[in-house]
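One letter stands for each residue in the lines below.
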Amino acid sequence: MLDVVLLSRIQFALNISFHILFPTITIALCWFLLYFKVRFDLSGHPVWMRIYRFWVKVFALTFALGVVSGITMSFQFGTNWPGYMETVGNIAGPLLGYEVMTAFFLEATFLGIMLFGMHRVPQWLHTLSTLMVAVGTTLSAFWILALNSWMQTPDGFVMQDGVAHATDWWAVIFNPSFPYRFFHTLLASGLTASFFIMGISAYRIYRGDAKLAPKIALRTAVIAALMLTPTQILVGDLHGLNTFKHQPQKVAAMEGIWDTEKGADMLLFAIPDEAQRTNHFEIAIPKLASLILTHDPDGEVKGLNEFIGAHPPVKPVFFGFRVMVGMGMLMLLTALIGCWLLYVRKTLPKQFLMLAVAMTFSGWIATLAGWYVTEIGRQPWLVSGVLSTADAATQIPAGNVALSLTLYATVYVFLLIAYIKTLFLMARRSVEIEEIQPEERLTQKSLRTAQGASS
Amino acid sequence: MIPDNLLPDIFAALMALAILMYAILDGYDLGVGMLLPKDNVHQRDVMIASIGPFWDANETWLVLAVGLLLIAFPQAHSLILGELYLPIVVMLIGLILRGVAFDFRAKVRQGRKERWDLIFKIGSFLAAGTQGFMLGLYVMGFEHSPVSYLFALLSATGVIAAYLLIAACWLIMRTEEDLQIKALGWARKSLYFCMAGILAVCLVNPLVNDSIFYKWFAAESVWMLVIVPSLALLTLLLIWRALGDVRVLQDKYCLQPFALVVVLFLSCFVGLAFSFYPYVVPGEMTIQATASAPESLRFILVGAIIVMPCILAYTVFSYRVFRGKVTELRYY
């Protein structure tokens, strides 16, 4: 029988992994929607409205999944990690509270107007509602990442009788790893949404959709991906340096470095063996790890053996990191090919469309892999140096947790299948929709911009 | 400046507000989910369209309530959520299924819609039922005995009835013709169950719990004993009268039942809150004893004072945008 700590960890990982899939799309997708809406407001060209309409439906579905899986998260702290709230509740509580108050209500309320209110409010107010939802989703990321970063690199507090008390809220929120993690995560969301839009638009074109809307959406996504990928590589590198400074044991696990060494190699591949504390089948580039981390080919990198008993499990962190970076490289390549095809060759061959469809959920894989690196990399701590994961776990019977875990897993598998099937069904359906719908003719007339707008 | 010893009470009041808002707002939309008729897809569409723009914000009050419990009373939060572990899981799964069914039903293949509507209905029942069940266990001080579970089941029925009532009144207000008439029928039926439920809780609560009995029948709280039950009773009578008259379907009066049910919810809630104050976990933990550190409460209170009026303002704004009868089924 598995013990309750492990079960709780699996359950929390399952819940948060399932949850993060949806916000990581919606945070950035909403900014894309705002872009489409503003383009429509400025040009009056109905193609932008068609793009908006299609993606707002996708947004609604994705957002709903994010909301309901997020409600589950808010209960998990109390049900499975009572020690967490008892020890650091004074810090975590207010940050979560601000997330609910400033972000959740904002996005939830204006979502109603954004989805159902287009004909009930003036256009500018509808665009403003879209902006409010985008601000809401981003604020939500701000608060939750402030808390998550505080758990990685806690600051601005003192411990009194085993309970954390905040002394400086500014230091709590803007703790050392927060700015890096925040931008790294936002960019991850931008990339996830870009490849998501790219993939589904490519699918529509692949299925014979000759309309302008999917082409423009695809072009927008390719350009966004090309701008975001290099930025992400840069920010990711800075984030890595920040981790190297504050959590060297995590970096040692990411790089698979056992002994502290000067001029550490960068491993392209290896199989870390924690029992023998060594790697097998290494493929390495000499001195590159030192060069990246210390900007000196002979710089010193601390190895895992300096942290015996206090470093994370090596394999998941090591491989998670490689999956994330590998996926990032694939994304960069796809974006480059896409741009070259669009602007130099000016064609979209079937092979590229197929590649884009295959990459639809590449952002999910990279985000989850990165998330596992940072979260598993924090172990054995729940809050670095303050609270260990084992001390925070619930006392309730393991059988109850096993039962709830089974229920959640079943529901999530079912929902994930339904979600992906529905996405592609929506794409196929939109292939059959006519170029201009009757009500668009009316708006066109009233806007007097009909000339040449039906392309 | 607010003295430290007032902070726990302020947060208890904020939490009470969030729970009450949740019961009213998600109450009507869970109720609408439970009322979905099997045989009429058009009516189902209208009913779901009536809650479309609101359900998400409604559920956020639950997150706020749990959030406030967690922020202000972390130990109580751990204890309550630990005691209610399994019902909470069931409730969450109910809420998950319901929330996604709402979107899936409009987007899936023809013929699959029925299935998602059924999921929507089941999810609503699960969420409402478990909420009532948990309320019952809470009232019984998380006692694990057959009597306690029996009472929890009774409470589940009561909460389901209350949500059905407020949902039916919502539909009387928001819909027309056949559906409105049907809603009147639902409202009348659920009112009986509601009355029975309220009566049962009023009798059982002081009988099983000595401290609550003494609280209500103590000399200094005579005025509460007079006001709260008579307000509830008066509201019930007014609802009864309003629903008995078909004129309630006219535009001029159709808002009445919903407004009255809100008052009924309020009086029941005040009654319950008074019974347990100053305990946050009945008989075990007081508000004062479990409150978080004052510096944390102060930090969040500043935000709450600024943000809460904004939330209320744009909630009202959103209800104004979507006021009137639900006619349009266009989603986007």
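Residues numbered from 1 in each chain as written. Chains lettered and ligands numbered in written order. Predicted model: local features only at pLDDT ≥ 70, side-chain atom pairs only at ≥ 80, totals over all residues. Heavy atoms only, no water.

1. Thoughts on the overall build of chain B
1) Next: Scanning chain B from N- to C-terminus turns up 13 helices and two strands.
2) Next: C-alpha atoms of chain B, sized along the principal axes, occupy 55 × 40 × 40 Å.
3) Next: The buried share among the 332 residues of chain B stands at 59%.
4) Next: Contacts in chain B between residues far apart in sequence, at least 24 positions, make up 78% of those at least 6 positions apart.
5) Next: For chain B, the exposed area adds up to about 13900 Å²; of that, 71% sits on carbon and sulfur atoms.
6) Next: Across chain B, the mean location of the 23 positive side-chain charges is 11 Å away from that of the 23 negative side-chain charges. (Helix = DSSP H or I, 4+ residues; strand = E, 2+ residues; numbered from the N terminus. Buried < 20%, exposed > 50% of the residue type's maximum accessible area, 1.4 Å probe, protein only. Contact = heavy atoms within 4.5 Å. Areas by Shrake-Rupley, 256 points an atom, 1.4 Å probe, with all protein chains shown as cover. Lys, Arg positive; Asp, Glu negative; His and termini not counted. Charge placed at Lys NZ, Arg CZ, Asp CG, Glu CD.)

2. Regarding the overall build of chain A
1) Next: On a plain count of helices and strands, chain A comes out with 15 helices and eight strands.
2) Next: Against the compact-globule benchmark of 23 Å for 455 residues, chain A has a radius of gyration of 24 Å, which places it among compact chains.
3) Next: Each principal axis of the C-alpha distribution contributes one length, and for chain A these read about 70 × 45 × 45 Å.
4) Next: The buried share of chain A, reckoned over its 455 residues, is 60%.
5) Next: Across chain A, contacts joining residues at least 24 apart in sequence account for 78% of those joining residues at least 6 apart.
6) Next: Accessible area of chain A: about 17800 Å², with a carbon and sulfur share of 67%.
7) Next: Here chain A contributes 31 positive and 28 negative side-chain charges, whose respective centroids are spaced 17 Å apart. (Rg over C-alpha atoms; globule rule 2.2 N^0.38 Å.)

3. Considering the side chain of asparagine 15 of chain A
Residue and element names in this part refer to chain A.
1) Next: As for its placement among the helices and strands, asparagine 15 is situated in helix H1 (residues 4–43).
2) Next: Residue asparagine 15 is classed as buried on the basis of its relative accessible area, which comes to 0%.
3) Next: The contacts of asparagine 15, once residues within four sequence positions are left out, are Thr72, Met73, Gln76, Tyr408 and Tyr412.

4. What about the interface of chain B and chain A?
1) Next: At the junction of the two partners, chain B supplies 65 residues and chain A supplies 70 residues.
2) Next: Taken together, the two surfaces of chain B and chain A that pack against each other cover about 6200 Å², and 76% of this comes from carbon and sulfur.
3) Next: At the boundary of chain B with chain A, the tally comes to zero salt bridges.
4) Next: Seen at the junction of chain B and chain A, the total is eleven residue pairs in polar contact (both at pLDDT 80 or more).
5) Next: Breaking the side of chain B that touches chain A down by element, the ones donating at least two residues are helix H3 (55–72), helix H4 (74–83), helix H5 (85–107), helix H6 (113–139) and helix H13 (294–321) of chain B.
6) Next: Among the elements that take part in the side of chain B that touches chain A, H5 of chain B stands out by supplying 16 residues, more than any other.
7) Next: Tallied by class, residues from the side of chain B that touches chain A come to 42 nonpolar, 13 polar and ten charged. (Buried area = accessible area lost by both parts, 1.4 Å probe. Salt bridge = Lys/Arg side-chain N within 4 Å of Asp/Glu carboxyl O. Polar contact = N/O pair within 3.5 Å; in protein donor to acceptor, adjacent residues only side chain to side chain. Nonpolar A, V, L, I, M, F, W, Y, C, P; charged D, E, K, R; others polar.)

5. A short note on a nonpolar patch on the surface
1) Next: The grouping of Val222, Trp223, Val226, Ile227, Leu231 and Val263 of chain B at the surface amounts to a nonpolar patch, some 530 Å² of accessible area in total.
2) Next: A per-element tally of the nonpolar patch places helix H10 (residues 222–244) of chain B first, with five residues. (Patch = residues over 30% accessible without salt bridge, like charges linked within 9 Å, V, L, I, M, F, W, Y side chains within 5 Å.)

6. Points about the confidence of the model for chain A
All names here are of chain A.
1) Next: Per-residue confidence for chain A gives a mean pLDDT of 87, with 95% of residues at or over 70.
2) Next: Across chain A, helix H6 (residues 178–206) holds the top mean pLDDT of 95, while helix H15 (residues 438–447) sits lowest at 50.
3) Next: Ignoring residues within four places in sequence, the model shows residues 444–455, a span with pLDDT below 50, making 17 contacts including any to other chains. (pLDDT = per-residue confidence, 0-100.)

7. Re empty space enclosed by the protein
1) Next: As enumerated under the stated definition, the model contains five cavities of 30 Å³ or more in all.
2) Next: Approximately 90 Å³ is the volume found for the second largest cavity.
3) Next: In terms of lining residues, the second largest cavity is bounded by 15 residues, among which Leu111 and Leu115 of chain A together with Gly52, Trp55 and Asp56 of chain B are the most central.
4) Next: Secondary structure elements with two or more residues in the lining of the second largest cavity: helix H2 (46–80) and helix H3 (82–116) of chain A together with H3 and H5 of chain B.
5) Next: Sort the elements by how many residues they give to the lining of the second largest cavity and H3 of chain A lands first, with five residues.
6) Next: Here the residues of the lining of the second largest cavity are counted per class, giving eleven nonpolar, two polar and two charged. (1 Å grid on protein atoms, 1.4 Å probe; cavity = no way out; pocket = protein on both sides within 12 Å on 5 of 7 lines; lining within 4 Å. Points joined across faces, edges and corners; volume = space filled by probe spheres on them.)

8. A closer look at the pattern of salt bridges
Residues and elements named next belong to chain B.
1) Next: All chains considered together, the criterion is met by 17 salt bridges over all chains.
2) Next: One salt bridge connects glutamate 59 with arginine 98, and the closest N-O pair in it is separated by 3.6 Å. Placement of the pair is glutamate 59 in helix H3 and arginine 98 in helix H5, with a sequence separation of 39 residues. The exposure classification of glutamate 59 matches that of arginine 98, with both residues buried.
3) Next: One salt bridge connects aspartate 251 with lysine 325, and the closest N-O pair in it is separated by 3.9 Å. Residue aspartate 251 is located in the loop between H10 and helix H11 (256–276), and its partner lysine 325 is located in the segment after H13; the two are separated by 74 residues in the primary sequence.
4) Next: Residues joined in a network through salt bridges with shared partners are Arg44, Asp45, Arg105, Lys113, Glu114 and Asp117.

9. Observations concerning H2 of chain A
All names here are of chain A.
1) Next: Compared with the 51 Å implied by 1.5 Å per residue over 35 residues, the 50 Å span of H2 between its first and last C-alpha is a close match.
2) Next: Bending of H2 peaks at approximately 30 degrees at the position of serine 74.
3) Next: The element H2 is largely enclosed, with a buried count of 34 among its 35 residues. (Expected span 1.5 Å × (residues − 1). Bend = angle between axes of the 7 residues up to and from the residue.)

10. With respect to unusual backbone geometry
All names here are of chain A.
1) Next: Of the consecutive residues glutamine 379 and proline 380, the connecting peptide bond is found in the cis state with omega at 5 degrees.
2) Next: Positioned with a positive phi, histidine 295 is a non-glycine residue whose angle comes to about 60 degrees.
3) Next: Residue placement: histidine 295 occurs in the loop between helix H9 (288–294) and strand E6 (300–301).
4) Next: The class of histidine 295 is exposed, set by a relative accessible area of 59%.
5) Next: In this structure, lysine 346 is a non-glycine residue whose phi angle is positive, near 55 degrees.
6) Next: Among the structural elements, lysine 346 can be located in the loop between helix H10 (314–345) and helix H11 (350–358).

11. A closer look at the environment of valine 139 of chain B
All names here are of chain B.
1) Next: Here valine 139 is to be found in helix H6.
2) Next: Judged by its relative accessible area of 3%, valine 139 is buried.
3) Next: Valine 139 sits 155 residues away from proline 294 along the chain, and the two C-alpha atoms are 28 Å apart.
4) Next: Apart from residues lying up to four places away in sequence, valine 139 is in contact with Phe151, Asn205, Asn209, Leu272 and Phe276.

12. Examining the nonpolar core
1) Next: Ranked by internal contacts, the top residues of the largest apolar core, which has 254 residues, are Leu29, Trp55, Tyr84, Phe196 and Tyr419 of chain A together with Trp61 and Phe104 of chain B.
2) Next: Here the element with the most residues in this core is H2 of chain A; it accounts for 21 residues.
3) Next: If near-sequence neighbours (up to four positions away) are discounted, tryptophan 55 of chain A is found in contact with Leu29, Leu33, Phe36, Phe196, Ile197, Ile200, Ser201 and Ala217 of chain A.
4) Next: Counting residues in each nonpolar core, the second largest holds twelve residues, with Ala253, Leu267, Ala270 and Phe321 of chain A among its members. (Core = buried A, V, L, I, M, F, W, Y, C linked by side-chain atoms within 4.5 Å.)

13. Overview of the packing of aromatic side chains
1) Next: Taken as a whole and judged by the stated rule, the model has 49 aromatic pairs over all chains.
2) Next: Relative to tyrosine 419 of chain A, the ring of phenylalanine 22 of chain A lies with its centre 5.2 Å away and its plane at 90 degrees, an arrangement referred to as edge-to-face. Taken as a pair, phenylalanine 22 of chain A in helix H1 and tyrosine 419 of chain A in helix H14 (residues 398–432) lie far apart in primary sequence, 397 residues in all.
3) Next: Joined through ring pairs, the aromatic side chains of Phe18, Phe22, Phe54, Trp55, Phe196, Tyr203, Phe361, Trp364, Tyr408, Tyr412, Tyr419 and Phe424 of chain A make up one cluster.
4) Next: In this arrangement the basic side chain of arginine 322 of chain A is found over the ring face of phenylalanine 318 of chain A, its NZ or CZ atom lying 3.7 Å from the centre.
5) Next: Lying over the aromatic face of tyrosine 253 of chain B, arginine 247 of chain B brings its terminal NZ or CZ to 5.8 Å of the ring centre. (Phe/Tyr/Trp six-rings, centres within 6.5 Å; stacked < 30°, edge-to-face > 60°. Lys NZ or Arg CZ within 6 Å of the ring centre and 35° of its normal.)

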